[in-house]
Amino acid sequence: MKLNSIRQREQLTGWLLSLPALIIFILVFAYPIGRAFWLSLFTENLGTQLEPIFTGLENYARMFGDGRFWNSLGNTAIFTFFSLLLELLFGIIIALVLDQQFRARGIVRTIGILPWALPTAVMGLAWEWIFNDQYGVVNDILRGLGIIDSGITWLGDPTRAMFALILADVWKTTPFIAVILLAGLQAIPQDLYEARSIDGATPIQNFFTITLPLIAPQMIIALLFRFAQAFGIFELVTVMTGGGPAGSTETVSLYIYDTVMRYLDFGYGAALIVITFLILIIAVAIAGFILSKTDVNVTGEQ
Amino acid sequence: MTIAQNKASSETASQPQPPNLPKRKIALGFGIAFVVIFCLAPALWQVLTSFKVNDAIATVPNVYLPNPDQLTFDHYINLFNRRPFLLYILNSLFVAATATLIALATGAPAAYALARLRIPGEKVLVAIVLIVTLFPYVLLFLGLFEVVKALNLGNNYLALIIPYAGKNLPLTILVLRTFFQQLPKELEDSAKIDGYNTVQMLVRIVLPMTVPALVTTGILAFIFAWNEFIFALTFVTKESMKTIPVATAQIGGSSIFEIPYGPIAAATVAGTIPLVLVVLFFQRRIVQGLTAGAVKG
């Protein structure tokens, strides 16, 4: 009886301690997402004088025939796929380097996480300058190497603009993946390598038979985080290309932002948000499923 | 580059294997050079641009080693004289610091509750917190925009501070929860025997021990809040209230015909120096926080 009331009091205290965080959660996450689901069932735009009129699933039906939506979804998919691929590759290399023992490793690690910490919008400007048509350093280097004769258009060309965006994103976020993978590398017991070396395995064989399989969970976690961020990429594109030329780098998030803030089409914007949300949830579910097959501890449960 | 070469010649690896040593050293040297160049070159190019006179900026071939007469502080002087750039920095500082404090003040008690007090549905709550970490800002801005309008919070920093605190709450809770789980339980039990109630025990015993973990998560929260763009762009339109990312991005858009590369470069450098300092001082804690949040969290 007494024990029971202690537990109840503990639970009450627990809820009270969580209350402020809970209120902020509801305000910042639950309400906006819930509201998007609700609003997506209404038409609320300039045509309805911004009054919500219930139209059921009409916004979703409209999405099927909306070329701009599919175009932005395709752009986002291309951007996400190539960014993640390159980031994983570079992330592994950087993590392997940072895992070694050498003098001034602290300084190199600091340099290694610097791009991640800098504001994306601000560094987007730096990259815009790097890819400048006339005076950009990329063109200058390519000219110096004799690969091109005169400066070429980067951000004004559909394919090359996408390439520039991907490169800027890879620069910005590879450090994040590297840091996560580094944690995985440090958890691998050294005697595994020693045992294999006695058997005559080369470092490259070791990498594929020991290192890669053992850091697979960290790779999945890092990729999941990066998938969500890359899929919602906004400021880098806004600053560097604005979605251009001719919509060739417009991502879903830019389209959502334009739909709401420029065309004031709240209902349709909400439907776009719901679809993006669902894509993310599916990605989480897939990653969660894969992780549950490995023995890593994602939730911190003992 | 000299750093990289030094490292290549320094001793390598924890388990020396004589026949592999030279190859390993060379590979490591290349690796370190790659990391340093890859991470620093774009930023250094921007720093160099910010100190060059306009003629040395807009010229082909590019000037990599400017003469003394091609260098200038003008872009920085103009930045602070012609624009309220110091004000933007202070705005960012205020918003990021306040949001960080709120995230810690609300996140720490919640993390403790999730770690120690057996709340029903705890696992579900943790899972929700984990998923929420992944939401990009663009999913939230429509709903928040309506709230901001309804409460008349446009051009009010609350419209930034609360969402930033909220965006940082998941990571704060996950990192601190892991930390609390590792604290020895006996400590709290003996405090209870000494007659402390839960809140007293938290404030007097647990909190002082938590300071390092609070610093770790606080730094991450500060960086996220300083860098946020989409809410700052949408909810704050008054010039004098803008934060660094938005103010800097809009320098480029201020003139259609001639893009002011010098001032932009100076703005990117000045606006990121506070963060560079944070990274220099807290590199270890940032790495800890990121890995604790993403892997153990």
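All values reported here derive from a predicted model rather than from experimental measurement. (Residues numbered from 1 in each chain as written. Chains lettered and ligands numbered in written order. Predicted model: local features only at pLDDT ≥ 70, side-chain atom pairs only at ≥ 80, totals over all residues.)

**Things to note about the overall build of chain A**
Phase 1: Within chain A, the regular secondary structure consists of twelve helices and two strands.
Phase 2: Listing each helix as α and each strand as β along chain A from the N terminus yields α-β-β-α-α-α-α-α-α-α-α-α-α-α.
Phase 3: Taken over the C-alpha trace, chain A has a radius of gyration of 24 Å; the compact-globule value for 302 residues is 19 Å, which it surpasses by more than 25%.
Phase 4: Based on the C-alpha atoms only, the size of chain A along its principal axes is roughly 85 × 75 × 30 Å.
Phase 5: In chain A, which comprises 302 residues, the proportion classed as buried is 45%.
Phase 6: Contacts in chain A between residues at least 24 apart in sequence constitute 71% of all its contacts with a sequence separation of at least 6. (Helix = DSSP H or I, 4+ residues; strand = E, 2+ residues; numbered from the N terminus. Rg over C-alpha atoms; globule rule 2.2 N^0.38 Å. Buried ≥ 20, exposed ≤ 12 C-beta atoms within 10 Å, placed from the backbone. Contact = placed C-beta atoms within 7 Å.)

**Overview of the overall build of chain B**
Phase 1: Across its full length, chain B carries 13 helices and zero strands.
Phase 2: Along chain B, from the amino end to the carboxyl end, the secondary structure elements read α-α-α-α-α-α-α-α-α-α-α-α-α.

**Some words on the domain arrangement of chain B**
One frequently used descriptor of interface size is the decrease in accessible area upon assembly of the parts.
Residues and elements named next belong to chain B.
Phase 1: Domain annotation for chain B reports domain 1 (2–76) and domain 2 (83–296).
Phase 2: Counting residues at the interface gives eight residues for domain 1 and eight residues for domain 2.
Phase 3: At the level of secondary structure, the elements contributing two or more residues to the side of domain 1 that touches domain 2 comprise α2 (21–50), α3 (54–57) and α4 (74–82).
Phase 4: No other element matches α2, which puts four residues into the side of domain 1 that touches domain 2.
Phase 5: For the side of domain 1 that touches domain 2, a count of residues per class yields three nonpolar, five polar and no charged. (Domains from an automatic or database assignment. Nonpolar A, V, L, I, M, F, W, Y, C, P; charged D, E, K, R; others polar.)

**A look at the packing of helix α3 (residues 67–99) of chain A against helix α9 (residues 203–231) of chain A**
Helix packing for two helices is described by the angle between their axes and how far apart those axes are.
All names here are of chain A.
Phase 1: With their axes 10 Å apart at the nearest point, α3 and α9 run at an angle of 145° to one another. Here α3 and α9 pass one another in a crossing that is right-handed. Of α9, the residues touching α3 (which contributes Thr-76, Phe-79, Thr-80, Ser-83, Leu-84, Glu-87, Leu-88 and Gly-91) are Met-219, Ala-222, Leu-223, Arg-226, Phe-227, Ala-230 and Phe-231.
Phase 2: When the residues that make up the contact of α3 with α9 are grouped by side-chain class, the tally is nine nonpolar, four polar and two charged. (Axes fitted to C-alpha atoms, helices over the stretch in contact; angles between N-to-C directions. Left-handed = near helix turned anticlockwise from the far one by under 90°.)

**Some remarks on the interface of chain A and chain B**
Phase 1: With 86 residues of chain A at the contact, the number on the chain B side is 95 residues.
Phase 2: Broken down by element, the side of chain A that touches chain B gets its largest block of residues, 19 residues, from helix α1 (residues 2–39) of chain A.
Phase 3: Each residue belonging to the side of chain A that touches chain B can be placed in one class, and the counts come to 60 nonpolar, 19 polar and seven charged.

**Some remarks on the environment of Phe-179 of chain B**
Phase 1: Its location among the elements puts Phe-179 of chain B in helix α8 (residues 158–182).
Phase 2: Residues Phe-179 of chain B and Leu-214 of chain B lie 35 residues apart in sequence; the distance between their C-alpha atoms is 9.8 Å.

**Some remarks on unusual backbone geometry**
All names here are of chain A.
Phase 1: Positioned with a positive phi, Ala-104 is a non-glycine residue whose angle comes to about 60°.
Phase 2: Within the secondary structure layout, Ala-104 lies in the loop between α3 and α4 (105–117).
Phase 3: By the C-beta count within 10 Å, which is 15 here, Ala-104 ends up partly exposed.
Phase 4: Positive phi, close to 50°, is recorded for Leu-264, a residue that is not glycine.
Phase 5: Topologically, Leu-264 is positioned in the loop between α11 (252–262) and α12 (266–293).

**Focus on the confidence of the model for chain B**
All names here are of chain B.
Phase 1: Confidence in the prediction for chain B averages 82 pLDDT; 89% of positions are at 70 or higher.
Phase 2: Note on residues 1–17: pLDDT is under 50 here. Beyond four places in sequence and across chains, it has 35 contacts.
Phase 3: Per the prediction output, this complex has pTM 0.87; the corresponding ipTM is 0.86. (pLDDT = per-residue confidence, 0-100.)

**Describing the environment of Thr-174 of chain A**
All names here are of chain A.
Phase 1: Mapped onto the fold, Thr-174 is located in helix α7 (residues 158–186).
Phase 2: Linking Thr-174 and Arg-226, residues 52 residues apart in sequence, is a C-alpha distance of 9.4 Å.
Phase 3: If near-sequence neighbours (up to four positions away) are discounted, Thr-174 is found in contact with Glu-87, Phe-90, Gly-91 and Ile-94.

**Some remarks on the environment of Leu-153 of chain B**
All names here are of chain B.
Phase 1: Relative to the elements of secondary structure, Leu-153 occurs in the loop between α7 (141–150) and α8.
Phase 2: Along the backbone, Leu-153 and Thr-178 are 25 residues apart, and their C-alpha atoms lie at a distance of 35 Å.
Phase 3: Residues contacting Leu-153, with those up to four places away along its chain left out, are Val-148, Leu-158 and Ala-159.

**Focus on α4 of chain A**
Phase 1: Look at α4 of chain A: 19 Å from first C-alpha to last across 13 residues, which is about the 18 Å you get at 1.5 Å a residue.
Phase 2: Among all positions in α4 of chain A, only Val-108, Arg-109, Thr-110, Ile-111, Gly-112, Ile-113, Pro-115, Trp-116 and Ala-117 of chain A are buried. (Expected span 1.5 Å × (residues − 1).)

**Description of the confidence of the model for chain A**
Residue and element names in this part refer to chain A.
Phase 1: Of the residues in chain A, 96% have a pLDDT of 70 or more, and the chain-wide mean is 86.
Phase 2: Averaged pLDDT values over the elements of chain A bottom out at 80 in helix α8 (residues 190–198) and peak at 93 in α3.
Phase 3: pLDDT under 50 marks residues 297–302. Its contacts with residues more than four places away, or in other chains, come to ten contacts.

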